[in-house]
Amino acid sequence: MSSRAKAVSDSCRGDSGEMNPDLSRERGAASFNPETITNILDGTPERTRRRREIESLVVNDPAFQHEDPNFLSRSERYELAIKKSSQMVKKMRDHGISDPEEIYWFKRTCLGSKTDPLSLHFSMFTDMMAKQCDDTQRKKWLPLAKSMQAIGTYAQTELGHGTHLRGLETTATYDPSTQEFILNSPTVSSIKWWPGGLGKTSNHAVVLAQLYTQGECKGLHAFIVPIREMGTHEPLPGVTVGDIGPKFGFDEIDNGFLSFSKFRIPRENMLMKYAKVEPDGTYVKPLSDKLTYGTMVFIRSMIVGDSARSLSRACTIAIRYSAVRHQSEIRVGDPEPQILNFQTQQYKLFPLLATAYAFHFVGSYMSDTYHRITGDIQQGNLNELPELHALSAGLKAFTTWVASAGIEECRMACGGHGYSRCSGIPDIYVTFTPACTYEGENTVMMLQTARFLFKSYTAAISGERLGGMLSYLNDVSSQHVQPQPLAGRSQINVNDLLSLVEAYKQRAAWLVVGASRSVQADLKRGKRKEDAWNKNSVDLVRASQAHSHYVVVKIFVDKLSEILDASSHHILSSLCLLYALHGISKNTGDFIQAGLLTFSQLEQVEQRVKDLLAVIRPNAVALVDAFDYSDTQLSSVLGRYDGNVYETMFEWAKKSPLNKTQVHESFHKYLKPLQSKL
């Protein structure tokens, strides 16, 4: 790393004090330059430079140096979060930061592992103003949203229904005599529940409701609904709104409830870019139902990237701490080794490190693909949208399940200190794990992907040539009632990445074909489609997981061809190989049943995984350094860049409110009276 680049990087990390000697040795032993991989992760050296420049605006600004929220009440945490969010908006205006990616870099550095009450305003609410409004509506609402006069959230989920959108009960009934929609919450289960920023922060919401006009229900549509007076912030008459109370995490967020009683909004408040209601009540349906996929796909694509970032933060903390922590003995009488030298610790953490890199490249792929296909949509080309919708659903579920479990594994790998809030990992976990349910519960998302896989398989056996990530179904034979072992196909070469991509592809084909043929067989036996689907849903989810897993492996391998630096290519290839082989070792049944793996090859896979742990070991700290997280972003005592864990942990503990007095008042009130004389 050049001295200039290191100076910028160290400034962003917020390093101070003397470096822990273990971490110094680890960094000196690396076989590659972390700066090069940081540039690969960012895209270009210029993007790295600009990202650090944006992040330094936060790190070096006294306005963002706040009291540790771990010692605050929930109300205090919410107030601090609102203060920080407001400062973020003001500072971004002051610095002229308007590019979406630069906004994200700035906000990510401000928040660290914490959450933002305004997150839905700047994501779904603003995105829907831009994507779902017609030209007239956009001219009215976008300036209000950007100026923060209209502070919005997205109200979809209800007490009684979440992912099953058709079951939502909130109604919007059109009254042509006044040209207004009347919003009602007809049952207790129809109360909107969970939207972030709804409880206290927002004065508007995009509300999903069943549209009724001319006596007919036209299904779910979105409406811009004022919920609080813009001047006083008081709830409007006919609106009941508030906070839903403490949760597993998200202490800074006012997740809220919302119900309506004959609440009227103008006809123009229906989002009408694609569907609309004319003044007389005539319903004009959209040219394609797929046009409403846009915002969902956008958010799910972002979640894939969030999976990578959350897991990589947890890996950074756990691997740095494992290099600093000395405990137990490998040989009796020897000094206590770094716990990172234990193979069991490496087996816990290094596959997760490889996964974090894999998910990073998949997140970039999803972002690029979304923007490319969105451009096609603007030109009227919707051909790729169904596959993107299915892929975003499957990858959202696949990556969040894996990342959530991986973050918890990182916490446990830190031993007892991982349980402390000062480790930073509990905050990462409780902030990230809701992603397994919001924006689509994961099992339901996998079944959405399965519907597309089943449809594609049906098209393939009818002779249609498939493109994209599903082209592997073009070779599926329609001659067998049940899938047969893939005899004759090349079996796994444990050292060849292209062979492993092929193996994952054939595993996906095996499971997609098997699940699809089971559904077809039940249909032929006279079962209703819904019953046949439910009867085979476990296999359909497994097929979707296998398809998603194949996509991740393929994208990781494809990315390697773009890496020209030899040392970076070598270590990232080792990580990719570890990711692919570890995935096989955890899913051996699929590969054996599909005829892709023999028992002797399974032994080779397991041995090669252990060999790769030794390859990655001297590079582990440098690989997490390459993620380039500042101490501000990590908010972790255990994961500090300088490795001064114990001193900082002791100072952190002293700040506990319980330590403000030597004797707590409860002693005199309750314990002392119990101390009777013997």
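Residues numbered from 1 in each chain as written. Predicted model: local features only at pLDDT ≥ 70, side-chain atom pairs only at ≥ 80, totals over all residues. Heavy atoms only, no water.

Student: An account of the overall build of the protein chain is needed here, citing residue identities and associated values.
Tutor: On a plain count of helices and strands, the protein chain comes out with 23 helices and 11 strands. In terms of C-alpha radius of gyration, the protein chain reaches 27 Å, essentially the compact-globule figure of 26 Å for 678 residues. Overall, the C-alpha framework of the protein chain stretches about 90 × 80 × 65 Å when taken along its three principal axes. Per-residue burial over the protein chain gives 54% buried out of 678 residues. (Helix = DSSP H or I, 4+ residues; strand = E, 2+ residues; numbered from the N terminus. Rg over C-alpha atoms; globule rule 2.2 N^0.38 Å. Buried < 20%, exposed > 50% of the residue type's maximum accessible area, 1.4 Å probe, protein only.)

Student: Give me the lowdown on the environment of Y438, citing residues and values where you can.
Tutor: Along the chain, Y438 falls in the loop between α12 (425-432) and α13 (442-461). The partly exposed category is assigned to Y438, whose relative accessible area is 33%. Between the C-alpha atom of Y438 and that of D475, which follows or precedes it by 37 residues, the distance is 36 Å. Excluding its chain neighbours within four sequence positions, the residues that come into contact with Y438 are I303 and K396. (Contact = heavy atoms within 4.5 Å.)

Student: Tell me about the packing of aromatic side chains, residues and numbers included.
Tutor: Counted under the stated rule, the structure contains 14 aromatic pairs. Measuring from ring centre to ring centre gives 6.0 Å for F260 and F263, while their planes differ by 25°; the resulting arrangement is stacked. The exposure class assigned to F260 is buried, which follows from its relative accessible area of 4%. Its relative accessible area of 7% is what places F263 among the buried residues. (Phe/Tyr/Trp six-rings, centres within 6.5 Å; stacked < 30°, edge-to-face > 60°.)

Student: Talk me through the packing of helix α11 (residues 385-413) against helix α16 (residues 537-560); I want residue IDs and the actual numbers.
Tutor: Two numbers describe a pair of packed helices, the interaxial angle and the distance between the axes. Orientation of α11 relative to α16, taken along the N-to-C sense of each, is 85°, at an axis distance of 9 Å. With respect to their mutual orientation, α11 and α16 come out roughly perpendicular. Here L391, G394, L395, F398 and W401 of α11 lie close against α16, whose contacting residues are Q545, H547, S548, H549, V551 and V552. Across the contact of α11 with α16, the residue classes tally to six nonpolar, five polar and no charged. (Axes fitted to C-alpha atoms, helices over the stretch in contact; angles between N-to-C directions. Parallel < 35°, antiparallel > 145°, perpendicular 65-115°, else oblique. Nonpolar A, V, L, I, M, F, W, Y, C, P; charged D, E, K, R; others polar.)

Student: Quick rundown of the environment of D558? Include the residues and the values.
Tutor: On the secondary structure map, D558 appears in helix α16. Residues D558 and F361, 197 residues apart in the sequence, show an inter-C-alpha distance of 9.7 Å.

Student: How would you summarise the nonpolar core if you had to cite specific residues and measurements?
Tutor: The biggest cluster of nonpolar side chains holds 152 residues, and the ones touching the most others in it are I37, Y357 and L473. The element that contributes the greatest number of residues to this core is helix α9 (residues 294-324), accounting for 15 residues. Within the second largest apolar cluster, 24 residues are counted, among which are A172, L236, V239 and V277. (Core = buried A, V, L, I, M, F, W, Y, C linked by side-chain atoms within 4.5 Å.)

Student: Lay out the sheet that holds strand β4 (residues 192-193) in plain terms, naming residues and giving numbers.
Tutor: What holds strands together in a sheet is hydrogen bonding between their backbones, with the strands either parallel or antiparallel. The strand order across the open sheet formed by three strands is β4-β8-β7, and the pairing between neighbours is antiparallel. One side of each edge strand has no neighbouring strand; the edge strands of this open sheet are β4 and β7 (239-243). Two elements, β4 and strand β8 (residues 256-260), share two bridges in a ladder whose sense is antiparallel. Bridge pairing in β8 places K192 opposite L258. (Pairing = 2+ DSSP bridges.)

Student: Outline the pairing of strand β9 (residues 263-266), supporting the account with residue identities and numerical values.
Tutor: The side chains of a regular strand alternate between both faces of the sheet. Of the two faces of β9, the one lined by F263 and I265 is fully buried and the one lined by R264 and P266 carries no buried residue. One ladder, built from four bridges, connects strand β3 (residues 180-184) with β9; its direction is antiparallel. Looking at the pairing, F181 lines up with I265 of β9.

Student: Outline the packing of helix α5 (residues 74-95) against helix α6 (residues 100-111), supporting the account with residue identities and numerical values.
Tutor: The N-to-C vectors of α5 and α6 enclose an angle of 145°; their axes lie 11 Å apart at closest approach. Here α5 and α6 pass one another in a crossing that is right-handed. Only I103, F106, K107, C110 and L111 of α6 make contact with α5, whose side of the interface consists of K84, M88, K91, M92 and H95. Across the contact of α5 with α6, the residue classes break down as six nonpolar, one polar and three charged. (Left-handed = near helix turned anticlockwise from the far one by under 90°.)

Student: Can you lay out the confidence of the model for the protein chain for me, pointing to particular residues and giving the numbers?
Tutor: Averaged over every residue, the pLDDT of the protein chain is 91; residues scoring 70 or more account for 93%. Below a pLDDT of 50 lies the segment residues 1-12, which in the model reaches 16 contacts outside its immediate sequence neighbourhood of four places, other chains included. Every residue in residues 478-488 scores below 50 in pLDDT, and together they form 17 contacts with partners more than four places removed in sequence or on other chains. (pLDDT = per-residue confidence, 0-100.)

Student: Could you give an account of the pairing of strand β6 (residues 216-226), naming the residues involved and the relevant values?
Tutor: Bridge count for strand β5 (residues 204-213) against β6 is nine bridges, and the pairing is antiparallel. When the bridges of β6 are listed, V206 appears paired with I224. Connecting β5 to the next strand, β6, in antiparallel fashion are two residues, including Q214 with a positive phi near 50°.

Student: Hey, could you go over the side chain of D631 for me, with residue numbers and the actual values?
Tutor: Mapped onto the elements, D631 comes out in helix α21 (residues 631-634). With no salt bridge to any partner, buried D631 finds its closest opposite charge in R320, at an N-O distance of 4.5 Å. Looking at D631, its side chain comes within polar contact range of the main-chain nitrogen of Y641, at 3.1 Å. (Lys, Arg positive; Asp, Glu negative; His and termini not counted. Salt bridge = Lys/Arg side-chain N within 4 Å of Asp/Glu carboxyl O. Polar contact = N/O pair within 3.5 Å; in protein donor to acceptor, adjacent residues only side chain to side chain.)

Student: So, unusual backbone geometry: which residues are in play, and what are the values?
Tutor: In this model, W194 sits at a positive phi of 100°, which is unusual for a non-glycine residue. Position of W194 among the secondary structure elements: in the loop between β4 and β5. If you check the backbone angles, Q214 has positive phi at about 50° while not being a glycine.

Student: So what's going on with α16? Which residues, and what values?
Tutor: Because the α-helix completes a turn every 3.6 residues, residues three or four places apart line up on one side. A rise of 1.5 Å per residue sets the reference length of α16, with its 24 residues, at 34 Å; its end C-alpha atoms lie 35 Å apart and thus fit the reference within 8%. Counting buried positions along α16 yields 17 of 24 residues, so the element is predominantly enclosed. (Expected span 1.5 Å × (residues − 1).)

Student: So, helix α7 (residues 119-132): which residues are in play, and what are the values?
Tutor: Taking 1.5 Å per residue as the helical rise, α7 with its 14 residues ought to reach 20 Å, and the 19 Å between its terminal C-alpha atoms agrees with that figure. Here α7 lies mainly inside the structure; 10 of its 14 residues are buried. Within the sequence span of α7, burial applies to L120, H121, S123, M124, F125, T126, D127, M128, M129 and Q132.

Student: Describe the pattern of salt bridges, and please don't skip the residues or the numbers.
Tutor: Enumeration according to the criterion identifies 44 salt bridges in this entry. As a salt-bridge pair, R49 and E46 come within 2.7 Å of each other at their nearest N and O atoms. Taken as a pair, R49 and E46 lie in helix α4 (residues 45-59) at a separation of three residues, close to a single helical turn. Overall, R49 belongs to the partly exposed group, its relative accessible area being 31%.

Student: Could you give an account of the environment of E530, with specific residues and numbers?
Tutor: Here E530 lies in helix α15 (residues 529-535). Taking the C-alpha atoms as reference points, E530 and V519, separated by 11 residues in sequence, lie 9.9 Å from one another.

Student: Lay out the side chain of N39 in plain terms, naming residues and giving numbers.
Tutor: Along the chain, N39 falls in helix α3 (residues 34-42). The exposure class assigned to N39 is buried, which follows from its relative accessible area of 14%.

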